[in-house]
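Below are the chains, spelled out letter by letter.
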Amino acid sequence: MAEAVDRQSEQGAPGRALLPVVAAAGLVKRFGLLTANDRIDLRVDPGEIHALLGENGAGKSTLVKMLYGLLQPDSGTIQWRGEPVVIDGPAAARRLGIGMVFQHFSLFDSLTVAENVALALDGGESRAALARRLAKVSADYGLALEPDRYVHTLSVGERQRIEIVRCLLQDPRLLILDEPTAVLTPQEADQLFRTLGRLAREGRAILYITHRLDEVRRFCHRATILRHGKVVGVCDPRHETPATLARMMIGADVGSVHDRRADVAAGPVRLAVRDLTSAREDRHGVALRGVSFDVRGGEILAIAGVAGNGQAELFAHISGERASDRNDMVAISGLDAGDKGIGERRKLGAAFVPEERLGHAAAPRLSLSDNAILTGHGISRLMSGWRIDRAAALAVVDAVTQGFDVRKGRRDPEAASLSGGNLQKFVVGREILRDPALLVVSQPTWGVDAGAAAIIRQALVDLARRGSAVLMISQDLDEIFQIADRIAVIHDGRISACHPIAEMSSERLGLLMGGAEQVDAGAR
Amino acid sequence: MDLATAIILTVVTASTPLLLAALGELVVERSGVLNLGVEGMMVMGAACGFAAAFTTGSPSVGILAAMAAGMAMAALFAGLVLGLVANQVACGLALTILGLGLSGLIGQGFVGQKLEPMAKIAIPLLSGIPVLGPVLFRQDPFVYTSFALVGFAAWFLSATRAGLILRAIGDNHASAHALGHDVLMVRFLAVLFGGACAGLAGGYLSLVYTPFWVTGMSAGRGWIALALVVFASWRPGRVLFGAYFFGAMSIGQLHLQALRGVLPDFLVLPGQFWSALPYAATIVVLVAISRARGRGGAAPAMLGTVFAPDR
């Protein structure tokens, strides 16, 4: 199948004289008042790995959705190998030779791998023939798949493999990947880069969306940078530094975190988790097995790991959303709290920021002040007797707005009307302003743009410096290395020993996240 | 014809309308749409089927009219929940209320009229088999259709590409849309199919089961059909079992009540108890099945959620 595509030079550095695979000119897409894409020009050549860089909301996904036919541009043209085309749907895109790997995978959990693959093809092929092709492509590219497994039983890395193989079966000339490494371990990401390099050498063009600058510099040939829906630059990332790329993306220097390791005098143990063990809650759940660690006042302990290795269960047990089997499995501020509810744990000085902003950390259709009351009614002065003190709740909203630069239209809007980054600043700020003795936060900057992420990370560091204990569950290794004092890795419901961050390399961390060194689980 | 054969025959007639309606709803729900209006579509099928058959004198026209009525109701539902992205539960309930009212209006002129029961079609040779012959091979077209539909639905869902797309849409409509499948069209066709099946089930009631029209004659069967789909964990084969189990229980309780004089006194329970028994027993049995089979209990993940593609 690879023979169909013109071969390119070794490094995949494309000759400029070549006809581009795809060239967009003046693409405009509006959603109501918002101009998501404003006169975008983009050119991708054969054999090229082309990065599309930008913050959240810069218009990257909108642009590729137009290339894949999921959205129609309001104006502008798309040329495919020199010919003007109208791509009126994904099927049309596939016919041209465009394949796409989605950020939130477009897979079907209750179907098998083979069925998932068949759904992305245009039909007319027998199941046996498809199975043969599937086996051949996965062998050719070293992307192992078991066709009869159900998708819900697979890991994230395996799921991504399905998406990629599914695209390769269509022998695409252009492969679009939307933030493919966001959910992978470093080792899985390296495997992906090797595959992509090989595809580029076969002459295929790759359009790669990301906001991870180091990846772009390592293996992309060209980068188009978007900001607020406009192209602000095209460059060769191999000749740029992370700082110059970031400046183009954000339009200003990214605030770095200061004061990160003031000497950490070991404070009292604020959170002690002792041999926390739980059964699997359902077929998607993970059983926790003997998880033990301490978090002391003044430090940030990060728990790294690939999603779905027990982080959700751990958070639920610490926050009190799930009661533990034994009372002493979770102790907050020295008191056994394994059977206590969320409110009682808050009264012990704990605060919690779950991963999901909408629907878990905040009730989407309630106003911000109502949301402040929801987590604060037990411990702050938001109640006068049995009555809600509206003015106090509004004061909390104002304080968070000011302290965390929450941008919103009205004084007290619905939570759902805030952008992701601003709502995250609000839910983190709401807890931090209560000055908790212990803050447990899951994925504090997940899907948040760099500016908001910097504010949130600085606030976590400041909180720890004031003597609180911070437990941060995160998948973002950059973030962990930036602010954590100690780190532990969770894998398949077990936790590694806690290491000081200085003693941990990202390679070692990757191995731990992938399940190597399981033996050191629980050792301390 | 002995008593046993007679009882089994009545079980078949009691089960067929449930089976037809439940199969239609099963396909609808596998596509991710929850249509609670089965009762309304069914009773409209009964009224229109009877009206058409009585007016034209042709049972075939009656059957077609019953299906058309069910589909018209389904199309109305689809327009609301697919086209206008309305709440499926509210629209389904409204559809039932509308169907019950509208069918009373349509059937008003036909109250007290009577049709000739539809002729049974005997399959040569096979119908001569004792007991099984009359039960299985000397039936009206509805019964044959209902069996054929079970096989068709099972084959369609598991072995065809269209069935795969329908299941995929029920599992994750955003992904299916991203892959270029027409979510709304597939759901529209599924809802129409469900309407045709419910209409057919209603037609069976007024053309075969009791060949006359009575207001509200669906008598809750649409709701039973809905429950059967859930307890059968969205599998056609289990719907067949569930429908016949419920049919057998509902006929059985009538015979048990008739034994009142024969049974010892302590077994003489109020009639309401026996009337309730089929419902309770069916739930217990189907819950036991879906628990025993473990993984099969999962509902289509998108069931009852709305989908509006941005464009």
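Look above for the structure.
Residues numbered from 1 in each chain as written. Chains lettered and ligands numbered in written order. Predicted model: local features only at pLDDT ≥ 70, side-chain atom pairs only at ≥ 80, totals over all residues. Heavy atoms only, no water.

S.K.: When you look at the interface of chain A and chain B in this model, what are you seeing that I'm missing?
M.R.: Interfaces are often described in size by the accessible area the parts lose on coming together. Each side of the interface is counted separately: chain A has 29 residues, and chain B has 20 residues. When the two sides are added together, the surface that chain A and chain B hide from each other amounts to roughly 1900 Å², 53% of it contributed by carbon and sulfur. The largest contributions to the chain A side of the interface with chain B come from L70(A), F108(A) and L119(A), which together make up 29% of the buried area. At the boundary of chain A with chain B, the tally comes to 1 salt bridge. A salt bridge links R167(B) to E115(A); the nearest nitrogen and oxygen atoms lie 3.1 Å apart. For the side of chain A that touches chain B, the secondary structure elements donating two or more residues are α2 (90-96) and α3 (113-120) of chain A. By residue number, the principal contributor to the side of chain A that touches chain B is α3(A), which donates 4 residues. Split by residue class, the side of chain A that touches chain B holds 14 nonpolar, 6 polar and 9 charged. (Contact = heavy atoms within 4.5 Å. Buried area = accessible area lost by both parts, 1.4 Å probe. Salt bridge = Lys/Arg side-chain N within 4 Å of Asp/Glu carboxyl O. Helix = DSSP H or I, 4+ residues; strand = E, 2+ residues; numbered from the N terminus. Nonpolar A, V, L, I, M, F, W, Y, C, P; charged D, E, K, R; others polar.)

S.K.: It is not clear to me how the packing of aromatic side chains should be interpreted in this structure. Could you clarify?
M.R.: Each aromatic ring pair is characterised by the separation of its centres together with the angle its planes make. Residues and elements named next belong to chain A. Considering all chains together, one arrives at 11 aromatic pairs over all chains under this definition. Relative to F219, the ring of Y208 has its centre 5.3 Å away and its plane inclined at 85 degrees; by these criteria the two rings are edge-to-face. Placement of the pair is Y208 in strand β8 (residues 205-210) and F219 in helix α7 (residues 213-219), with a sequence separation of 11 residues. In this structure Y208 comes out as buried when scored by relative accessible area, which is 0%. (Phe/Tyr/Trp six-rings, centres within 6.5 Å; stacked < 30°, edge-to-face > 60°. Buried < 20%, exposed > 50% of the residue type's maximum accessible area, 1.4 Å probe, protein only.)

S.K.: Would you take a moment to explain the sheet that holds strand β5 (residues 83-85) of chain A for this structure?
M.R.: Adjacent strands of a sheet pair through backbone hydrogen bonds, lying either parallel or antiparallel. Residue and element names in this part refer to chain A. Reading across from one edge, β2-β1-β4-β5 is the order of the 4 strands in this open sheet, with antiparallel pairing throughout. The open sheet has two edge strands with one neighbour each: β2 (34-44) and β5. Strand-to-strand, the axes of this sheet are offset by a mean angle of 30 degrees, without reference to chain direction. Those strands touched by helix α1 (residues 60-67) are β1 (22-31), β2 and β4 (75-80), and its axis lies near 60 degrees from that of β2. (Pairing = 2+ DSSP bridges. Axes fitted to C-alpha atoms, helices over the stretch in contact; angles between N-to-C directions.)

S.K.: What exactly am I supposed to notice about the pattern of salt bridges here?
M.R.: One side chain can pair with another of opposite charge once the charged atoms of both are near each other. All names here are of chain A. Following the criterion strictly, the structure yields 30 salt bridges over all chains and no others. A salt bridge links D370 to R390; its shortest N-O distance comes to 2.9 Å. Residue D370 is found in helix α11 (residues 368-376), and its partner R390 is found in helix α12 (residues 390-404); the two are separated by 20 residues along the sequence.

S.K.: I would appreciate a short explanation of the nonpolar core in the present structure.
M.R.: If you look at the biggest cluster of nonpolar residues, it comprises 131 residues, and the most contacted ones within it are L196(A), I206(A) and F142(B). Top element by residues in this core is helix α9 (residues 183-209) of chain B. It accounts for 13 residues. Non-local contacts of I206(A), meaning those with residues more than four positions away in its chain, are made with V44(A), E48(A), I49(A), H50(A), L174(A), L175(A), L177(A), L196(A), L199(A) and A200(A). With 41 residues, the next largest nonpolar core counts V353(A), V397(A), V406(A) and L460(A) among its residues. (Core = buried A, V, L, I, M, F, W, Y, C linked by side-chain atoms within 4.5 Å.)

S.K.: Got a minute to help me understand the environment of A200(A) in this structure?
M.R.: Residue and element names in this part refer to chain A. Here A200 lies in helix α6 (residues 186-201). Once the C-alpha coordinates of A200 and E48 are considered, the two residues, 152 residues apart in sequence, prove to be 5.9 Å apart. Beyond its immediate chain neighbours, meaning those up to four positions away, A200 contacts G47, I49 and I206.

S.K.: Looking at this structure, I do not really get a nonpolar patch on the surface. What am I missing?
M.R.: Residue and element names in this part refer to chain B. There is a patch of nonpolar side chains on the surface, built from L76, L80, L84, L98, L102, L105 and I106 and spanning about 590 Å² of accessible area. Of all the secondary-structure elements, those providing two or more residues to the nonpolar patch are α3 (59-83) and α4 (88-107). No other element matches α4, which puts 4 residues into the nonpolar patch. By the secondary structure assignment, I106 is in helix α4. (Patch = residues over 30% accessible without salt bridge, like charges linked within 9 Å, V, L, I, M, F, W, Y side chains within 5 Å. Areas by Shrake-Rupley, 256 points an atom, 1.4 Å probe, with all protein chains shown as cover.)

S.K.: Quick question: what am I supposed to make of the sheet that holds β8(A) here?
M.R.: All names here are of chain A. Reading across from one edge, β6-β7-β8-β3-β9-β10 is the order of the 6 strands in this open sheet, with mixed pairing throughout. If you trace the sheet from one side to the other, it starts and ends with β6 (98-101) and β10 (230-235), each paired once. Averaged over neighbouring strand pairs, the angle between their axes works out to 20 degrees when direction is ignored. Across 4 bridges, β6 lies against strand β7 (residues 174-178) in parallel orientation. Residue I98 lies in a different strand from β7, and its bridge partner there is L174. On the sheet, α1 packs against β3 (49-53), β6, β7, β8 and β9 (222-227) and is oriented at approximately 150 degrees with respect to β8. This element, α6, spans β3, β7 and β8 of the sheet and lies at about 145 degrees to β8.

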